[in-house]
Amino acid sequence: QVQLVESGGGLVQAGGSLRLSCAASGRTFSSYAMGWFRQAPGKEREFVAAISRSGGNTYYADSVKGRFTISRDNAKNTVYLQMNSLKPEDTAVYYCAADPINDSPPYEYDYWGQGTQVTVSA
């Protein structure tokens, strides 16, 4: 089992940047593919980005492609989400998740963090 803790959320103006981190503990981090999701008030949770175990493959939702970058540091047991050119519609609670089985899509995430709030003001 793995425990996930997100950090790095906050309030930022439109056009600004934030970097989210997700620290993992428990089983070997490098054995998990990782993903980021978000949920805005009144909306369903949606996929944002994913990264393979080695970090060699990344995947993005169309809404964030070119603005967000997912990366991981297996030595630090951490996955990151660099968010640039933020828009008010990026406001949401952001969650990281771990897939212990699949190293390519479709991923099935068994473990989830508690989330970190990102608020983008106009």
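Computed from a predicted model, the values in this text were never measured in an experiment. (Residues numbered from 1 in each chain as written. Predicted model: local features only at pLDDT ≥ 70, side-chain atom pairs only at ≥ 80, totals over all residues. Heavy atoms only, no water.)

Caption draft 1: Fine view of the overall build of the protein chain. Within the protein chain, the secondary structure is distributed over zero helices and 11 strands. Mapped from its N terminus to its C terminus, the protein chain presents α and β elements in the order β-β-β-β-β-β-β-β-β-β-β. Counting contacts in the protein chain only where the partners sit at least 6 residues apart, residues at least 24 apart contribute 57% of the total. A total accessible area of about 6100 Å² is found for the protein chain, and carbon and sulfur atoms account for 45% of it. On the protein chain, the mean spot of the 11 positive side-chain charges and the mean spot of the 11 negative ones are 5 Å from each other. (Helix = DSSP H or I, 4+ residues; strand = E, 2+ residues; numbered from the N terminus. Contact = heavy atoms within 4.5 Å. Areas by Shrake-Rupley, 256 points an atom, 1.4 Å probe, with all protein chains shown as cover. Lys, Arg positive; Asp, Glu negative; His and termini not counted. Charge placed at Lys NZ, Arg CZ, Asp CG, Glu CD.)

Caption draft 2: Fine view of the nonpolar core. Formed by 29 residues in total, the largest nonpolar core has its most connected members in Met34, Trp36, Leu81, Met83 and Tyr94. Mapped by element, the contributors of at least two residues to this core are strand E1 (2-7), strand E3 (18-26), strand E4 (33-39), strand E5 (46-51), strand E7 (68-73), strand E8 (78-83), strand E9 (92-99) and strand E11 (116-121). In this structure, Ala33, Phe37, Ala97 and Tyr107 belong to the second largest nonpolar core, which totals six residues. (Core = buried A, V, L, I, M, F, W, Y, C linked by side-chain atoms within 4.5 Å. Buried < 20%, exposed > 50% of the residue type's maximum accessible area, 1.4 Å probe, protein only.)

Caption draft 3: Representation of the environment of Thr91 within the structure. Tracing the backbone shows Thr91 in the loop between E8 and E9. Sequence separation between Thr91 and Pro41 is 50 residues; the distance between their C-alpha atoms is 8.8 Å. Apart from residues no more than four positions distant in its own chain, Thr91 is found in contact with Ala40, Gln117, Val118, Thr119 and Val120. A distance of 2.9 Å separates a polar side-chain atom of Thr91 from the backbone oxygen of Pro88. A distance of 2.9 Å separates the side chain of Thr91 from the backbone nitrogen of Val120, its partner in a polar contact. (Polar contact = N/O pair within 3.5 Å; in protein donor to acceptor, adjacent residues only side chain to side chain.)

Caption draft 4: How the structure looks around the side chain of Asp99. By secondary structure assignment, the location of Asp99 is in strand E9. This buried residue, Asp99, is left without a salt bridge; Arg53 holds the nearest opposite charge, at 6.2 Å. A distance of 3.0 Å separates the side chain of Asp99 from the backbone nitrogen of Asn102, its partner in a polar contact. Here Asp99 is in contact with Ser31, Tyr32, Ala33, Tyr107, Glu108 and Tyr109, once residues within four sequence places are set aside. (Salt bridge = Lys/Arg side-chain N within 4 Å of Asp/Glu carboxyl O.)

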